[in-house]
Amino acid sequence: MAAITLDILLPRKFKFIIAMVSILGSLFAFLPIIFQFANYTTPEIMFEGSYVIDKFSLILKGLFILVTYLTFLLSVNFVESDEYYQGEYYFLLLSSLLGAIVVTSSRDLLTMFIGIELASTPMFLLSGWKKGDQKSNEGSIKFFLLGVLSASLILYGFSLLYGVTGKLVFSDIANILIQQDLAQSPVALLSAILILAGIGFKISIVPFHSWAPDTYEGAPLPVTAYLSVSSKATGFVALIILMSKIFFESGDGLGIILVFISGITMFVGNLSALQQTNPVRLLAYSSIAQAGFILAPLAVANITNNFEDGVYASVTYLIIYAFMNIGAFLVINLLQRNIDSENMYDWGGLAKETPLAGIFAVIFFFSLAGIPPLGGWFAKFVVFRSLLSTGEIFGLSLAVVGAINAVIGLVYYSRISKIIWMDSPKEDVQKTENSIIPSPLKVVGFVSLILTIVSGIFPGIFSNLGEASSIFFNS
Amino acid sequence: MESGLGLTVVVFLPLVSAIFIFLIPKKQEMIIKLVTLGSALLTFAVSLIVALQFDFNNAGDLQLGTKVSWISSINSNYEIGIDGISLPLLLLSTFISVLAIIYSFEHLPEPKNAKGMMSLILILETGMNGTFVALDLILFFVFFELVLLPMYFMIGIWGDKTVRSVSGLKNDIETRLYASIKFFVFTLFGSAFMLLGFLGLYFRGNRTFSIPELIELGSSGAFTGTFATLVFAVLFLGFAVKVPMWPLHTWLPDAHTAAPTVGSVLLAAILLKLGSYGFVRIALPILPEQAVAWAPAIAVLSAIGIIYGSLACLAQTDLKRLIAFSSVGHMGFVMLGISSLTSIGINAAMIGMVAHGIITGLLFFVSGSMAHTYHTRDMERLGGNMKLLPKTGAILAFTAMASLGLPGLAGFWGEFMALLGAYNPLPGLNITIFRSSMVAGAIGTVLTAGYLLWMLQRVNLGEPKEEWLDKELHDADNYELVAWIPLVILTVLIGVFPKLIFGATNDAVIALVSKAFGG
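Every value quoted in this text rests on a predicted model; they were computed, and no experiment measured them.

**Description of the overall build of chain A**
Broken down by element type, chain A carries 19 helices and 2 strands. Buried residues in chain A amount to 61% of all 475 residues. The contacts of chain A with a sequence gap of at least 6 include a subset with a gap of at least 24, amounting to 80%.

Spelled out as structure tokens, the structure:
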């Protein structure tokens, strides 16, 4: 059945001339996912356990395809407006999507590594797509260098595992680790830390986050949106799979490291975001802070071994985060069309020019802040829930850290809405009349809007997905 | 199980209308206003029908509600219902909303934008009504937070534009911007921790968020020890910020001063009650043991709040700020009543909440309107209001009298009975602390009378200052009078027949107290 998905993806790679094909294709690829999900009975295991299709992977595949679809829509006007290579642009994004899709199903070291790299390599190119722009070049070089480093770290970690156990498939590795009482050995811990460091770059957690603001700022906005949503999610999916399939017996040490990383990531992301004047950098730091939130349940799950709640919380967070964050980037995109300044403090009173963008800004940014009834509250809620589920001290402390950070986050998330709705227009800033919003962007806006609001008012729908994924994942 | 249709309509009709209003073009201002008013009136009418259906003989039971699965994976339900405690507050909320909308017909501050203001009021109303009927902790939390966004924008967009300096900030900032974010951050700070407390109850209480079920568990002693102390602490934080109790009150004077008139009215009349209602509905019955342990502290903080609020009032030159600080004092009486943990004290808190809603709401209406007419709230410059604006002046005088607790008007019962409750708290509570708090409260009533009379003397009496003589000043117009007179009538009615409130609350409060504290 994976072949169905791949079949639909592969031909598209050669028909890259027109954006429409990619867009329709990615929408079309969504269908088999839905059918598979609807007819789902048991996990499909292929290639001797290397490639597994279960509800977890189906849901995340669906998420990746939908996110890519929205990214395409965001890109249409961008790619057309400047004379960039169109075909390659879509091809690279699709390759990245393929990588992400492979990661969700991969259950052995090689497949997973190929998936991770297939997902992230195209992004090195795409983040430098604005060829004439210095910032874009700088960001992409940074991203490339650190990305290569992270790939090698992951590879080191994987090869250590292989060296110790001689197996590639995760379940075999885990069995051998347990049988030979190696699960808590220094070797296993070292490989876990190497892998964590490698994936840490992809998901931009502290201290591996330094590339993110520069790359985000330099990259074309749709690419940035994709980076902060899909690439990050790919990293998290890999981390979730590795943590719960290999390192679930690795003892408290790893979990405690993760708890600290998660808490520090929230603080660093949020406190840095407070000082930004460039909205894209603000979102970059915000996405670092959000990564801390997504990591938190996994970290605590490593200590409590309650992976069911942990994975449930992380997956639910990832799904809701994806749509509100794409929405947030859309808002920046829309607002920037109306004004010639990258300093958001110059954007006073912009909402009066584009009320729709103004309303989007309120919805998406306050959703990121976690204010009910917008989707973000439920994402934060399930995270808190999983942190407190066993009443264990690390979870409790991390929940308190999270609560404090939710308040800090509000301060800067509210800032854009404040500026565009409440401040008076600056007179010395050039405004460009651009009141018509292109329809692809409107589609992105309304799709994300509906998903954000529905997930806030009827969180049951999304949490069922998260729950389904976590239950089947553990079987 | 009943359908809960009436309550559902009361909660969601305003929200649906707000979405509908988004679709009306901005230019059709009159249609927008009429739709809003119609929706609010209809909501009020439905809430009256609900009140008629309400069985007052069993006011202690939760009635007219329903329970439908909402978020099944965490076992959170759409569980609503009302008893004698929530009914008066629900009616107050739907009623004040109508008046606020009538007032807004002609009195929108800059930038006008009726569409924005009207839809915000309606969203706010959904949040307020929802909080009073929610019987599920998560549902409660969502409604409790739902009020934040509309109020934030109401203060931030329509608020006071004067520039002021704030200690700790480098640059001067417009009052509205400072006040709106301060309000938001303070409340969110409290409620973020409150949510952790709710989750704690959920995990210890058989994974349920249902308030009635948790009350059953709580009164049978399921929550004890450090866990209960921590949970009560975070719930206290969440609710006390909202009330607001001293020393968490500092957002209130800023928010009130900066908010547009309608915002101040809704804030004072309803939003503050969400906090004290939370204590009565959630904190006390679910964690009775902790309530007893914390009661003396709450009493002392309330007493400080009363004295502090009154003294702060004496120092104010800004009319709206004075009323804002008076709210701190009045809510201190409400909390003093609650802290006594007796049926007299909690009844006092209930009538105190309603009375404060009506009286302070009216005070903010009048002072907002005066600020609009005079373009200043500085009491040094005002004077002779009675001669300049006789109708407004008369209502201001009446309301100030009601606010200082004149017997025969609504404000009297809350203060008097709260002191009575504090004199004789639940057996086992430290009597010295409560009697001292009562004395402090009594001193507070004197101070309250002092500052309100002084305010009247400065603003209402005397000869008008010269700067006003040659100006044309508009006395209250019809919209204002339609919004104000009902509140005046209610003040008298509740003052003379307190049974209007007690009839509903008494049974419920006695049921609560006997279940939680056996007294």
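**Observations concerning the interface of chain B and chain A**
Where interface size is given, it is often the accessible area lost as the parts come together that is meant. Taken together, the 27 residues of chain B in the interface contact 25 residues of chain A. Taken together, the elements giving at least two residues each to the side of chain B that touches chain A come down to β1 (63-71), α5 (137-146), α6 (148-158) and α7 (175-204) of chain B. Of the residues forming the side of chain B that touches chain A, the biggest block, 13 residues, is contributed by α7(B). The residue makeup of the side of chain B that touches chain A, split by class, is 22 nonpolar, 4 polar and 1 charged.

**Some remarks on the pairing of β1(B)**
If a strand is regular, its side chains alternate between the two faces of the sheet. All names here are of chain B. In this structure, β1 lies alongside strand β2 (residues 76-82), joined through 6 bridges in antiparallel fashion. What sits directly across from Q63, in β2, is I82. Following β1, the chain reverses through 4 residues before pairing antiparallel with β2; N75 in that reversal takes a positive phi of roughly 60°.

**Brief notes about unusual backbone geometry**
All names here are of chain B. Here the bond from V243 into P244 is cis, since omega is -10°, no more than 30 degrees from zero. Residue P247 follows W246 across a cis peptide bond; omega there is 5°. Note that P247 resides in the loop between α9 (225-242) and α10 (251-258). One non-glycine residue, R207, lies in the positive phi region at around 55°.

**Quick look at helix α8 (residues 211-219) of chain B**
Residues and elements named next belong to chain B. Among all positions of α8, only I211, L214, I215 and G218 are buried. End-on, the buried residues of α8 take up no more than an arc of 105°, which puts them together on one face. Buried positions along α8 lie against α5, α7, α11 (261-286) and α12 (288-314). Note on α8: the residue one or two positions beyond its end, G221, has a positive phi of about 85°.

**Things to note about the environment of A:L74**
Residues and elements named next belong to chain A. Checked against the element boundaries, L74 lands in helix α4 (residues 55-81). When the C-alpha atoms of L74 and V223 are compared, they prove to be 9.1 Å apart, with 149 residues separating the residues in sequence. Setting aside residues no more than four positions away along its own chain, L74 makes contact with P222, A225, L330, N333, L441 and V444.

**Digging into the packing of helix α1 (residues 5-23) of chain B against helix α2 (residues 29-53) of chain B**
All names here are of chain B. As a packed pair, α1 and α2 sit with axes 9 Å apart at the nearest point and diverge in direction by 175°. When the axis of α1 is compared with that of α2, the two are roughly antiparallel. Contact residues: G6, L7, V9, V10, L13, P14, S17, F20 and I21 in α1; I32, V35, T36, S39, A40, L42, T43, V46, S47, I49, V50 and Q53 in α2. Residues belonging to the contact of α1 with α2 are distributed by class as follows: 14 nonpolar, 7 polar and no charged.

**Examining helix α14 (residues 343-374) of chain B**
Look at α14(B): 45 Å from first C-alpha to last across 32 residues, which is about the 46 Å you get at 1.5 Å a residue. Where burial is concerned, most of α14(B) is hidden: 30 out of the 32 residues are buried.

**Thoughts on the environment of B:H330**
All names here are of chain B. Inspection of the secondary structure puts H330 in helix α13 (residues 319-339). Separated by 30 residues in sequence, H330 and T360 place their C-alpha atoms 9.4 Å apart. Not counting the four nearest positions on each side in its chain, H330 is found in contact with H356 and T360.

**As for the environment of A:L449**
All names here are of chain A. Looking at the secondary structure, you find L449 in helix α18 (residues 439-457). Spatially, the C-alpha atoms of L449 and G327 are 7.2 Å apart, while their sequence positions differ by 122 residues. Discounting residues that sit within four places of it in the chain, L449 has contacts with G327, F360 and I363.

**Observations regarding the confidence of the model for chain A**
Here chain A shows a mean pLDDT of 81. Residues at 70 or above account for 84%. Below pLDDT 50 for its whole length, residues 10-17 of chain A participates in 12 contacts with residues either more than four positions away or in separate chains.

What counts as what
- Residue numbers run consecutively from 1 along every chain, following the written order of its sequence.
- The naming scheme follows written order: chains are lettered A onward, ligands numbered 1 onward.
- Totals for whole chains, interfaces and linings use every residue, but because this is a predicted model, local features are given only for residues with pLDDT of at least 70 and side-chain atom pairs only at 80 or more, for both listing and counting.
- Helix and strand definitions follow DSSP, with helices as H or I runs of at least four residues and strands as E runs of at least two, each counted in order from the N terminus.
- Partly exposed residues are those falling between the two cut-offs: more than 12 but fewer than 20 other C-beta atoms within 10 Å of their own, whereas 20 or more means buried and 12 or fewer means exposed, with C-beta atoms placed from the backbone.
- We call two residues in contact if the C-beta atoms placed from their backbones are at most 7 Å apart.
- Asp, Glu, Lys and Arg are counted as charged, while Ala, Val, Leu, Ile, Met, Phe, Trp, Tyr, Cys and Pro are counted as nonpolar; the rest, among them Gly, fall into the polar class.
- Only strands that DSSP links by at least two bridges are regarded as paired with each other.
- The arc refers to the directions leading from the helix axis to the C-beta atoms.
- The angle between two axes is taken between their N-to-C directions and runs from 0 to 180 degrees, where each axis is a line fitted to C-alpha atoms and a helix contributes only its stretch in contact.
- To sort the angles, those under 35 degrees are grouped as roughly parallel, those over 145 as roughly antiparallel, those from 65 to 115 as roughly perpendicular, and the leftovers as oblique.
- Helices are assigned an expected span. That span is 1.5 Å times one less than the residue count.
- Known as pLDDT, the predictor's per-residue confidence is scaled from 0 to 100.

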